[in-house]
Amino acid sequence: MLWRVTHPTTARSHPPGPPPRRASTLGRIRDGLPFLIDPIGFVGGRFQRYGDIYFVGSERDRHPGLFVLRHPDHFEEVLVTKARSFDKGHTAFATLGQLLGDGLLNTDGEVWRRQRRLLQPAFAKKRLDEYAVAMVAEVEAEAATWRAGEDRDVAAAMMELTLRIVCRTLFGYDASGDTEPVRRAMSALQGSLAGIPIPLPAFLSPQARRMKRARADLDAVIYGIIDGRRPGDPHVDLLQRMVDAVDEDGSTLTREEVRDQLVTLFLAGHETTSNALAWTFHLLSEHPEVEARMHAELDAVLDGGALTPEHLPRLELTDQIFTESMRLFPPIYALSRRASEDVEIGGWPVPRGSEVTLWVWHAHRDPRFWDEPWAFRPERFAKGAGEGRPRLAYMPFGAGARACIGKVFAQMEGVLALAAIASRWRLVSSGQHVEPNTRLTLSPRGGLRMRVERR
Ligand code: HEM
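Residues numbered from 1 in each chain as written. Predicted model: local features only at pLDDT ≥ 70, side-chain atom pairs only at ≥ 80, totals over all residues.

## A short note on the pairing of strand β1 (residues 53-56)
Here comes step 1: Burial along β1 is two-sided: I53 and F55 and Y54 and V56, pointing in opposite directions, are all buried.
Here comes step 2: As defined by bridge partners, β1 adjoins strand β2 (residues 66-69) across four bridges and the pair is classed as antiparallel. Residue pairing in the sheet places F55 in a bridge with F67 of β2. (Buried ≥ 20, exposed ≤ 12 C-beta atoms within 10 Å, placed from the backbone. Helix = DSSP H or I, 4+ residues; strand = E, 2+ residues; numbered from the N terminus. Pairing = 2+ DSSP bridges.)

Written as C-alpha cells, this is what we have:
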C-alpha cells in the first residue's frame, strides 16, 4: 500500500540517526553549521538516509534529543491524536517568547485555552465577512498606487499591505506610518532564531541586544494603540473585545496581556500571508500558462467591475493557485513541539522532554503523496482531486487544536490581494535568481524585484 509507514523492526530504543550533537561550543558550531547553511537540503538528505523519522541525540547532560518527522501519519499523532502529550516548550518558542510574551502562539494548557476562547469569536464567519470589505479596500488602494514600467520589491510591498490589513481589521488602526518598527522587530527575531545559540550573558550578545531594542520599539507602537482605547468604547474589533473582556472570576486583561496578544497577531498575521503572496507572484511569473488562466478567470468573474467580497466563491482557480503556492513554499515550513510526557510516535518511544520537529516542506514535496511534486499545478486542489492522500500531507496552517486561528482570514486575504493586483497588473520577473530564505518564515531571499506591466 502506498501510504504505509515503515515501523521499527530493530530492538533500538530510538530511530536511526546521525551521531549525537557535541556538547562543546566549538562542536555545537561545527554540528550546527551545515544545517544553518541549507536546513531544507540538510534535513532532506537525512530523511533519505534514515527514513521517515530520525533521531538526533546530544552529548549534553539531560538533553533527551530531537525526533525529526516528515510523514503525515506521524504529524497526525503529534498534532491531533496524541496532542495532549506535547507542548510548545521547544527551544524555538523560547526565543519567540522574548518578543511575543505570553501570546496565543506560544502559551500552553489552561492559559492558552482561555486566550483561544477570547480570540476565536474575532475569526467567526460574521466578522470575516466584515474584514473582507476592509481587505478589498486595502488591496484596491495598494493596486492603485502601482505604475506601469516600475520595478518593485513585491515581497516588501506585500509585507506592508498585510500589516495594514491586520491592523485595520483586528485593531481598527491605520498602520501606514508605523511599519518600520515592526520590520525591525521581525528582522531581529529572525536573526536570533537563525543563529547557533551560544551561551553568552545577555549584555555580551549582539542578538540579545538587538532583540531588546526591537521589543522596545515595537512596544512603543503597540502600547500607543492600546492606550487609545477605553473599556466601553464603541468599537466592534478584536482590540475592543480584549479591552472589555471580563473573565468568569471578574478579572480583566492587564495592559501587558493585551500587548502580548496584539504583538502575536501583528507578527503571526502578516509575515506569513505576505510571503505566501510573494511566492505566488513568483510562481505565476514562471508559469505564464497558469497566469493566463487566472487572468481569464478574473476577467470573467469581475466582468470589468470593481472587486467585491461576493466574487470570492467564484474565484476558484485563483484560490487553488494560492493553495498550491503554499504547498511548494509553505511560509511555516516546519513546526516544533516538546514531549510533555513519555509518548510513542511511529511506534518509537519518545521520552518526556524530547524535542520534535515536523517538516511540512518535505511532506509537501513527497513523491509518495504528490505526482511530480516539484511541478506548480493548482488543479491538484480542484474539488475531488487528491482523494486518498493522507490529510496532513498538506498542512500549511498546522493541524489539531493549535492550528492557525487565522487560516480562513489568510486564505481570503491572499485571494483578494491576488485578484486586485492581477486584474490590473502583470508582474514580470526581473531575472533575479529567487531562492528560499529559511528563517522563522520562508521568504524569497533578498526580496522579490519584479517589473510591473499593465495588463
Ligand atoms: C498564509 C498565512 C498563514 C500561515 C501559512 C499560517 C500558519 C500557521 C501555522 C502553521 C500555525 C500553527 C503553529 C504551530 O502549530 O506551532 C499558525 C498558528 C497561528 N496563526 Fe497563523 N498562519 C497564517 C496567517 C495567520 C493570520 C492572518 C493570523 C491572524 C490574523 C494568524 C495567527 C495565528 C495564531 C494566533 C496562531 C496560534 C494559534 C494557537 O496556537 O492557538 N495566522 N499559523
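## What to know about the nonpolar core
Here comes step 1: In this structure, V360 and L416 are the most contacted members of the largest nonpolar core, which totals 113 residues.
Here comes step 2: It is helix α7 (residues 154-171) that provides the largest number of residues to this core, a total of 12 residues.
Here comes step 3: In this structure, V360 is in contact with P330, I332, Y333, A334, L335, M395 and P396, ignoring residues within four places of it in sequence. (Core = buried A, V, L, I, M, F, W, Y, C linked by C-beta atoms within 7 Å. Contact = placed C-beta atoms within 7 Å.)

## What about unusual backbone geometry?
Here comes step 1: For D303, which is not a glycine, the phi torsion comes out positive at approximately 50°.
Here comes step 2: Mapped onto the elements of the fold, D303 is located in the loop between α13 (288-302) and α14 (316-328).

## A closer look at the packing of helix α6 (residues 125-145) against α7
Here comes step 1: Contact geometry for α6 and α7: axes closest at 10 Å, N-to-C directions at 145°. For the pair α6 and α7, the crossing hand works out as right-handed. For the pair α6 and α7, the contacting residues are Y131, A134, M135, E138, V139 and E142 in the first and L161, R164, I165, R168 and T169 in the second.
Here comes step 2: Split by residue class, the contact of α6 with α7 holds six nonpolar, one polar and four charged. (Axes fitted to C-alpha atoms, helices over the stretch in contact; angles between N-to-C directions. Left-handed = near helix turned anticlockwise from the far one by under 90°. Nonpolar A, V, L, I, M, F, W, Y, C, P; charged D, E, K, R; others polar.)

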